[in-house]
Amino acid sequence: MRAPIALVGIGKIARDQHVPALAASPDWALAATVSRHGRVEGVDAFERMVAFLAARPDVGAVSLALPPQPRFAHAEAALKAGRHVMLEKPPGQTLAEVHALERLARERGLTLYATWHSRMGKGVAAARDWLAGRAIRGGRITWMEDVRHWHPGQDWVFEPGGMGVFDPGINALSVLTAILPEPVHLIEADLDVPANRQTPIAARLLFTGGIAMELDWLFPGEPLWDIEIETDGGTLLLREGGNRLFVNGEEQEGSAEGEYPALYRRFAELVRAGECEVDLSPMVHVADALTLGRRRVVDRFDF
Ligand code: NAP
């Protein structure tokens, strides 16, 4: 029996990933949408969360595919109305607001699932297993893509709370924090902020353990989403955002499941088990970079 779920924020990622994943899900049936402009054909549509919550008490779970800035108010309203909540990444604008949501969910016996879709990349679990017990000698993360292609016209990424180039960069950090045998922390960061914007468009970071990270949002053509880790047993390379794994140059077999089908499967498991899953370690690194980073003003950016 597929449980009814509502999808909130019908924009780019909802259309690209959530709607197809839900259509194929053995666990969930898309029963309603909440979005001021977006709709999904044939699905009960609401423009406001409060109207949905009042009209559809039968829908016990909501998935928020909104930008981070409006996420807290929507999540809080859903939890207060007794619904289980799944959050797109990053789970909020600030760490404290996600802690508040987690407290609320736990007090009410509800599931809060802060998703990290890149952790469901096909090579990530095998990478974590291969690194377990090995000594890390250093690493290099290269996260470069074209913001105009991946976030066309989305000004929210450059507003406070939007995280700029860390909106994709947090995906790399979600993988890094999932695969390393021991945690690392940020030592220094350089942030390039366009003269007319609030958040970085490029950044260079250095972590303990000799792990360097380069992020660039003006990179044309095919994106580079690579994580390379040097160990006492050789080199591990994750390419394509965690979806292809190479060990000492040889490609390894990964899982068969796609990222978003895996997220919705996990959400169903958590709801059945009555558990929350909220790991903020990727967001701690971003918050640290924004706290510690040296800012350099660079050319204006317009879409
Ligand atoms: P988006 O298309 O700009 O926004 C999604 C929808 O949220 C919008 O269509 C809009 O729907 C609603 N919305 C936007 N701003 C709002 C506001 N201030 N208040 C209320 N509703 C608002 O963004 P997206 O690219 O789908 O990204 C959404 C989230 O998914 C982000 O956290 C992002 O990091 C994550 N994500 C994005 C991608 C990607 O490739 N773009 C990939 C993975 C994850 P209405 O106008 O109809 O209300």
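Predicted model, so just to flag it, every value in this text is computed and none were measured.

Scoring rules and cut-offs
Residues numbered from 1 in each chain as written. Predicted model: local features only at pLDDT ≥ 70, side-chain atom pairs only at ≥ 80, totals over all residues. Heavy atoms only, no water. Axes fitted to C-alpha atoms, helices over the stretch in contact; angles between N-to-C directions. Helix = DSSP H or I, 4+ residues; strand = E, 2+ residues; numbered from the N terminus. Parallel < 35°, antiparallel > 145°, perpendicular 65-115°, else oblique. Contact = heavy atoms within 4.5 Å. Nonpolar A, V, L, I, M, F, W, Y, C, P; charged D, E, K, R; others polar. Phe/Tyr/Trp six-rings, centres within 6.5 Å; stacked < 30°, edge-to-face > 60°. Near = heavy atom within 4 Å. Polar contact = N/O pair within 3.5 Å; in protein donor to acceptor, adjacent residues only side chain to side chain. Areas by Shrake-Rupley, 256 points an atom, 1.4 Å probe, with all protein chains shown as cover. Salt bridge = Lys/Arg side-chain N within 4 Å of Asp/Glu carboxyl O. Buried < 20%, exposed > 50% of the residue type's maximum accessible area, 1.4 Å probe, protein only. Pairing = 2+ DSSP bridges. Expected span 1.5 Å × (residues − 1). Core = buried A, V, L, I, M, F, W, Y, C linked by side-chain atoms within 4.5 Å. Domains from an automatic or database assignment. Buried area = accessible area lost by both parts, 1.4 Å probe.

Undergrad: Can you walk me through the packing of helix α5 (residues 124-131) against helix α7 (residues 166-179) in this structure?
TA: Angle between the axes and distance between the axes: these two values describe a pair of packed helices. Relative to each other, α5 and α7 sit at 40 degrees, their axes nearing to 8 Å. Comparing their axes, α7 and α5 come out oblique. Across the interface between the two elements, Val124, Ala127, Arg128 and Leu131 from α5 touch Val175, Ala178 and Ile179 from α7. Split by residue class, the contact of α5 with α7 holds six nonpolar, no polar and one charged.

Undergrad: Would you take a moment to explain the packing of aromatic side chains for this structure?
TA: The description of two aromatic rings rests on the distance between their centres and on the angle between their planes. Applying the stated criterion across every chain, the model contains nine aromatic pairs. Their ring planes at 65 degrees and their centres at 5.8 Å tell us that phenylalanine 46 and phenylalanine 52 sit as a pair that is edge-to-face. Here the aromatic residues Phe158, Trp217, Phe301 and Phe303 are joined through ring pairs into a cluster of three or more.

Undergrad: Teacher, can you tell me more about the site of the ligand here?
TA: Near the ligand you find 25 residues, and of these Ser35, Arg36, His37, Lys89 and Asp167 are the closest. Within the contact set of the ligand, an oxygen atom lies 2.9 Å away from a backbone nitrogen or oxygen of lysine 12. In the model, an oxygen atom of the ligand is placed 3.0 Å from a nitrogen or oxygen of the glutamine 154 side chain. When isolated, the ligand has an accessible area of 880 Å², and the protein chains bury 83% of it.

Undergrad: Teacher, can you tell me more about the pattern of salt bridges here?
TA: Side chains bearing opposite charge may pair, as long as their charged atoms lie close to each other. In total, this model carries 23 salt bridges according to the counting rule given. In this structure, aspartate 44 and arginine 56 form a salt bridge, with 2.8 Å as the shortest nitrogen-oxygen distance. In this pair, aspartate 44 is assigned in strand β3 (residues 44-46) and arginine 56 in the loop between α2 (49-55) and β4 (61-64), connecting sequence segments 12 residues apart. Of the residues examined, aspartate 44 reaches a relative accessible area of 34% and is grouped as partly exposed. Residues joined in a network through salt bridges with shared partners are Glu257, Arg265, Arg266, Glu269 and Glu277.

Undergrad: Explain the pairing of strand β8 (residues 186-194) here, please?
TA: Consecutive side chains of a regular strand alternate in pointing toward one face of the sheet and then the other. Bridging between β8 and strand β9 (residues 202-207) involves six bridges; their strand directions are antiparallel. Bridged to leucine 191 within β9 is alanine 203. Judged from the five bridges that link them, β8 and strand β15 (residues 294-298) form a sheet pairing that is parallel. Note that in β15 the partner of proline 194 across the bridge is valine 298.

Undergrad: Sorry if this is basic, but what is going on with α7 here?
TA: Each full turn of the α-helix corresponds to 3.6 residues, which orients residues three or four apart in the same direction. With 14 residues, α7 should cover 20 Å at 1.5 Å per step; its first-to-last C-alpha distance of 19 Å lies within 8% of that length. All of the buried residues in α7 are Phe166, Asp167, Pro168, Gly169, Ile170, Asn171, Ala172, Leu173, Ser174, Val175, Leu176 and Ile179.

Undergrad: Honestly, the nonpolar core in this entry has me stumped. Any pointers?
TA: A general feature of soluble globular proteins is that nonpolar side chains tend to end up buried together. In terms of nonpolar packing, the biggest core is built from 71 residues, with Met49, Phe52, Val62, Val85, Leu112, Phe166 and Leu205 touching the most fellow members. If one sorts the elements of this core by residue count, α7 sits on top with seven residues. In this structure, this core is formed jointly by two domains, domain 1 (3-114) and domain 2 (118-255 + 286-298), each of which donates at least three residues.

Undergrad: Got a minute to help me understand the sheet that holds β4 in this structure?
TA: Pairing between the strands of a sheet comes from backbone hydrogen bonds, and it takes one of two forms, parallel or antiparallel. With parallel pairing, the six strands of this open sheet are ordered in space as β3-β2-β1-β4-β5-β6. At either end of the open sheet lies a strand with only one pairing partner, and these are β3 and β6 (112-114). Taking the axes of each pair of neighbouring strands and ignoring which way they run, one obtains an average angle of 25 degrees across the sheet. Where β4 meets strand β5 (residues 84-87), four bridges bridge the pair, whose relative direction is parallel. Looking across to β5, one finds that leucine 64 is bridged to leucine 87. In this fold helix α1 (residues 12-23) packs onto β1 (3-8), β2 (28-34), β4 and β5, with an angle of close to 175 degrees to the strand it touches most, β1.

Undergrad: Any chance you could explain the environment of glutamate 102 here in plain terms?
TA: Relative to the assigned elements, glutamate 102 resides in helix α4 (residues 95-108). Owing to a relative accessible area of 16%, glutamate 102 belongs among the buried residues under this scheme. The sequence separation of glutamate 102 and leucine 112 amounts to 10 residues, and the corresponding C-alpha distance is 6.5 Å. Excluding its chain neighbours within four sequence positions, the residues that come into contact with glutamate 102 are Leu112 and Val278.

Undergrad: Could you clarify how one ought to interpret the domain arrangement of the protein in this entry?
TA: A common measure of how large an interface is: the accessible area buried when the components associate. Domain parsing of the protein yields domain 1 (3-114) and domain 2 (118-255 + 286-298). Here the C-alpha centre of domain 2 lies 27 Å away from the C-alpha centre of domain 1. Each side of the interface is counted separately: domain 1 has 10 residues, and domain 2 has 15 residues. Buried area between domain 1 and domain 2, both sides added, is near 850 Å², and the carbon and sulfur share of it is 61%. Remark: the boundary between domain 1 and domain 2 carries one salt bridge. Two residues, aspartate 167 and lysine 89, come together in a salt bridge whose shortest N-O distance is 3.5 Å. Across the contact surface, domain 1 and domain 2 share three residue pairs in polar contact (both at pLDDT 80 or more).

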